Every structure is written in structure tokens, then in C-alpha cells.
Amino acid sequence: QFLEKVISHEKFLNGNFNTTFVDSNKDLCVFKQRQDRATKALKFLANNIINNPSGSRLSKEIILPSINPPVVPYGVPVPAGTKDILNRRGVQGVIDHVRRSNEAFFTDTTFRDAHQSLLATRVRTKDMLDIAEYYAHHLNGLFSMEMWGGATYDVAYRFLKESPWDRLIQLRAKAPNILFQMLLRASNAVGYTNYPDNVVRQFIKLACENGIDIFRIFDCFNWVEQMTPAIEEVKKNGRIAEAAICYTGDITDPKRTKYSLNYYTGIAKELAEAGTDIIGIKDMAGLLKPYAAKTLIKAIKEETGLPVHFHTHNTSGNAEAAALMAFEAGADIIDAAVSSMSGLTSQPNMNSIAAALDGQDKHSTLDKKAMQNVSDYFDRVRRYYFPFESGMKASSAEVYMHEIPGGQYSNLIVQVEAMGLIDRWEDVRQMYTEVNKELGDIIKVTPSSKVVGDLALFLVRNNLTVDDIYIKGDTLNFPDSVVSFFKGMLGQPYGGFPKRLQEIVLKGEKPLDCRPGELLEDFDFEAAAKELKDMFGRDFSPTELISYALYPAVFKDYVKFNSEYGDPSVFCTRSFFYPLEKEEEIELDIEEGKTLIIRHMNVSEPDAKGMRKVYFELNGQPRSVTVKDET
Ligand code: 3PY
Ligand code: ZN
């Protein structure tokens, strides 16, 4: 390194040196510590072998198929898509295109909500990148790809140890022609709590700069006041604002009067006045029954005249029917996932809906064979994620009772399993229903759905009933999310809080009655930059700083993890989740033209301090790594 530095030094190259050259140029002796990626990769694998942090195990019966993504034509430029319309003709150009076309437009949710709802959000960037270019070439007729936001942001850092920003940037490079869409929880951004307005604004600005075109913005209480700053910021950045109405209850049930058709058209009108470009209908639990979809969409289109984008989940098995009804009622765009990633708690099936529209006036021109190829690809990919499957085998009308959102269902079951409560999964669902009633029949979507889930789990785990809350409430330590809900930190639910319960949970503390974002002090980005630099000895980029603002602890853990184990995106999904078997060999492309061949050889018994040696061969040379056995 020293010689390299000397011969590439500006003064040396200009011949401007003498015998004092080294002494007078101290920078020659400042060496960057070489990142030993091979050692970090071995450490990662060794830790997987000993501690198996993802808890995923393979067995002899499980055969994982090899994955060969369909090929894209070599040297052929990507065809034009909706992103080109936005680039050339702006937001209005996209809206006009949707309005004037006979196309039954789809948003493909495979890269976001589908795996959030089926596989606890665990699909890794690598598995998306390998098929993204194929989308660009063969599915350029999509309205958009929903590929970011919601739970993907924190799960990327927390469990996949990868940066969601890298995901966005890399996907953008592979699919430059299709609009990219994200789910934004309004004042909660991509988190579970309200953030200061300057954090939400900066987040949106950076998301636009890095490739997001459409922001589906929702508030868990349909509180438009909480959505307005986000709508404004999206529009300021020249991108498409799709403010969404969360759907709950049942407009066809005369007994459920709280969330009526009038309630929804009223919100739609407010959103139109707030400047949204598209109205989203966000049916996060799949409660909008087919005939209700027809009524609701017609009414909203009549009320606002704006394009309507319908999002639902197929937990009940009725979502394809709802999608067809929605198109018939004039919906402009519908969310769906490719076959192998659709159904159950995920979105309805794009391949099937497109086929069902054949021969109709409003139909899909998407390439059916291409959709099938993508579905085949994900069918293989999905098998690698089997530990995160919910176990749900069939659709169930029970969702109309418990109303658990699709995106929460698969996560909740993983949580229930982790708590050792899997035998009480039916009780948890029943309790979820009861807790919702007790909280005043609230809209259940992140983060309010977490409040219901946390309280239900808390009661089941402690063998308590809902009545016990009123009897023993003063002695109970309610989950943080429940306290925060009653304090008004998520905003004001439609119809207000149940007062008695609020007093019990808050134990005398006074709740807020305004938008929490108004009270929160601006986040100090400069101070955060200094804090991180002091902690880790390097500068942090704006996208890293916003991640720190949103998830301070998770982000710090991720940075520590990366400095210890390197960038885990080099691992295939097989070696990322599952410990290597003895004698198993993998190839890692750690950088362009540099491949490591790693073979796992053996593991020692733990020593007195619980340390084990894991033996490998690295490119044929023996290496060992010592790991603390935490099991
Ligand atoms: C999310 O907020 O992540 C959701 O998908 C809500 O439905
Ligand atoms: Zn959803």
C-alpha cells in the first residue's frame, strides 16, 4: 500500500520530490485498513453454522430447486413503459394515459406486499434483482411495480442485513422503464410511530431522488390532516401522489354503520381537495366484498372524477371476483401479484385476472407467457423461504370476523410461534376480534393493527380476558404500542377513543388531541451525522442518516453487523438463511472478477469459554474462524 501511495502521489507524478518527500507528506503513511472480505464472509458463515440466527434449518426431505431466471434479450434496449411517460410528460401525462386507455392496468406487488403478506417480508434483494431486467423487457406494460415501503424498509435492515436504499437503486438500474411505487404510512413514514415533519419530508425527497415515482400514502385512521404534509411533499418533488383510503367494516352490512359508504366518499372528497392525483382504495385485510367493491368504486369515481387504484388481499378467496367487479365499476388500476406469489393473504392473481379479461373491452395486453415465466421463477425462489410461510393452506371467510390485514397475518403467526403460543393461534385470532371491538372498532392497518395484535398477544400470553382489563387494569403493564395508541401518538381514530379504557391504560396521563407531528421537534440531521461519525469513525450519507432518524437502534445494529460480517448480499439465499452442511461448497462473487470458493469442513467442540472453531477451505487453503456458541 505504501509503494502504491508513493507512485500515485501527485507530487511524485509531477517529479516534485526530494529526500524529504516521505517525511513532509504524512498522508503517505495513513493506510486504509484493507477490508478483508473473505474473512468477513467466513465469519458470517461460521456464525450461521454455530448460532443459526435466522432459525432456518434444512432437512434431508427438503429439496431446494436450482434457480435459473428467464433470459433477457442481449443488447436489446428496454422498451418504453410508464416511467418514460412520467419522464416526458410529467404527472398529468401519466394520469391522461390512464384515463384515455382501454387497458386494464395492473400494479405488480410481487416485490413488496406479496412477500410481506406471504413470507413475513423476507424476500432478499438478490432474488428480485435476478428477475428485474426481465420485467423491464417483457412486462413493460405494467402500470407500476410496488417494490418498496411498508415493512420492507425495516425488515431489510433488521433481518436481511441489507440496505433498502441499495435495493431501490439497484432495481431502478435494472428496470428503468416501469413506474416504481411505494407504500408510505403518511406521518409514520415506513415506521410504526409518528415522526417529525422534517423527517417525513426528507424521506420523501430522498425516495424521489433514488427512484420512487408513486407514493401510496395512507393514514391508519384515514385522518387526512396527517396525510397532507406527505401529499404536499410528493407533489413538490414532481411525483405521483396516490392518497389511499383504508377500507374496513362492510358497507353492505346495514348493522355496521360506523364505516358507511358516505364515510368513504367523504374521505375521498377530502383527499381530492388535498391534491391527490389518484385515489387508492387500500383494502389491507381483503374485506371489500365483490359487490361492495362495485358500489364503492362507482361512488368514489363519481364523487372525485379521479383515477381509482384498487388494492386488496385474497385471504377470503374473493379477491379475484372483487378485482373483476372493480374493473367493471371503472377502477383504473388494480394491484395483483404473479400467480406463484398471489392468493391467500397476498394479492389476487394477476395472471388469472388478465386471462379473465380476454375478449372484454377493458382488457390486459400484458404478455401472458412472460407472466408465467416470472411466476415460475418465483415459484422456485419461494421454496427457499419456507420457514417464513404462514402455514395457511386455504382461503377463509374467517377474515370477515377477525379482520387481520394480510401483511400482518404472516408476521403475527411467526411472532406467535416464537412466543411458544402456536397451540393457541385460534385463541389469538379470536382475541384479536374481541380487542378490536373493545378499542372501538378501529381501522386496522400498520401501525394501528400492531396495537390490536400486541394487546391480543399480551392477553393470551398472560391468560387474561378482555374483561380482566377492567378488573385488573391498574396492575397491568400494557404493551408500549397500546399506551402510545391511547396517548394519541398514532393520531385520532375516527369516532374517538373508548374513554374508560383510555383512562385505565394511561393511568392518569393526559392524551394528545392534535396531530403528533406538530409537537415533535425537528430531527437534527447535523447532530445525528456527528453522533454517527463519533461512533463509527466515518461519514454517513443522507440516506443512511434518514434511516438512523427512522430506526436508530436497528440502523446502528446493521452498521455494526456490516462492519463485522461484510455485505451479506454476496450470499445466495441458500447460504444466507441456512447453515452450510459439512463438505458443502459454495462460490461467492465478492466483487467483479473475484470469486471465493468456500468449503465447510468441520466444527470443534466448545472450549471452556464456549468458543468453537469452524474449519473451512478457502480457495483450497485451510482457514478457521472462532465463534462464541450462543445456543
Ligand atoms: C404496511 O403498512 O406495511 C402495510 O402493508 C399495510 O397494509
Ligand atoms: Zn396490502
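Note that the structure is a prediction, hence the values are computed from the model and not measured.

Peer 1: Before we move on, could you go through the site of ligand 1 and cite the residues and values that matter?
Peer 2: Taken together, Arg112, Gln116, Gly150, Ala151, Leu183, Arg185, Phe218, Lys282, Met284, Val445 and Thr446 make up the full set of residues adjacent to ligand 1. A distance of 2.7 Å is found between an oxygen atom of ligand 1 and a side-chain nitrogen or oxygen belonging to arginine 185. Contact with the protein chains covers 98% of the free accessible surface of ligand 1, which is 230 Å².

Peer 1: Please provide a residue-by-residue account of the pairing of strand β12 (residues 621-628), values included.
Peer 2: Bridge count between strand β11 (residues 611-618) and β12: eight bridges; the pairing is antiparallel. From the neighbouring strand, tyrosine 615 faces β12, where its bridge partner is serine 624. Counted between consecutive antiparallel strands, the loop separating β11 from β12 contains two residues, among which asparagine 619 sits at a positive phi close to 45 degrees.

Peer 1: Hey, could you go over the coordination of the zinc ion (ligand 2) for me, with residue numbers and the actual values?
Peer 2: Distances from the zinc ion (ligand 2) to its protein donors, namely Asp113 (OD), His311 (NE2) and His313 (NE2), fall within the range 2.0 to 2.1 Å. Donor residues binding the zinc ion (ligand 2) come from one chain and are separated in sequence as D-x197-H-x1-H. Linking aspartate 113 in helix α6 (residues 110-118) with histidine 313 in the loop between β7 (308-311) and α14 (319-328), this pair joins segments that are 200 residues apart in sequence. Judged by relative accessible area, which is 2%, histidine 313 ranks as buried.

Peer 1: I'd like to hear about the pattern of salt bridges, residue by residue, with values.
Peer 2: One pass over the full model with this rule turns up 39 salt bridges. Residues glutamate 389 and arginine 382 are paired through a salt bridge, measuring 2.8 Å at the closest nitrogen-oxygen approach. You can call glutamate 389 partly exposed: its relative accessible area is 27%. Residue classification places arginine 382 among the buried positions, given a relative accessible area of 16%. Members of the salt-bridge network, linked through shared partners, are Lys83, Arg172, Asp213 and Arg239.

Peer 1: Help me get a handle on the side chain of glutamine 502, residues and values and all.
Peer 2: Counting through the fold element by element, glutamine 502 comes out in helix α23 (residues 499-506). Judged by its relative accessible area of 6%, glutamine 502 is buried. At 2.7 Å, the side chain of glutamine 502 forms a polar contact with the backbone oxygen of phenylalanine 486. Those residues in contact with glutamine 502 that sit more than four places away from it in its chain are Phe486, Phe497 and Pro511.

Peer 1: Help me get a handle on unusual backbone geometry, residues and values and all.
Peer 2: With an omega of 0 degrees, the peptide bond running from threonine 446 to proline 447 counts as cis. Assignment of secondary structure puts proline 447 in the loop between α19 (425-438) and α20 (448-461). Not every positive phi belongs to a glycine, and asparagine 463 is a case in point at roughly 50 degrees. Along the chain, asparagine 463 falls in the loop between α20 and α21 (466-472). The phi angle at lysine 507 is positive, at roughly 45 degrees, despite the residue not being glycine. Of note, lysine 507 is situated in the loop between α23 and α24 (516-519).

Calculation rules
- Residues numbered from 1 in each chain as written.
- Chains lettered and ligands numbered in written order.
- Predicted model: local features only at pLDDT ≥ 70, side-chain atom pairs only at ≥ 80, totals over all residues.
- Heavy atoms only, no water.
- Near = heavy atom within 4 Å.
- Polar contact = N/O pair within 3.5 Å; in protein donor to acceptor, adjacent residues only side chain to side chain.
- Areas by Shrake-Rupley, 256 points an atom, 1.4 Å probe, with all protein chains shown as cover.
- Pairing = 2+ DSSP bridges.
- Helix = DSSP H or I, 4+ residues; strand = E, 2+ residues; numbered from the N terminus.
- Donors = N, O, S within 2.8 Å, 3.2 Å for Na, K, Ca; no water.
- Buried < 20%, exposed > 50% of the residue type's maximum accessible area, 1.4 Å probe, protein only.
- Salt bridge = Lys/Arg side-chain N within 4 Å of Asp/Glu carboxyl O.
- Contact = heavy atoms within 4.5 Å.

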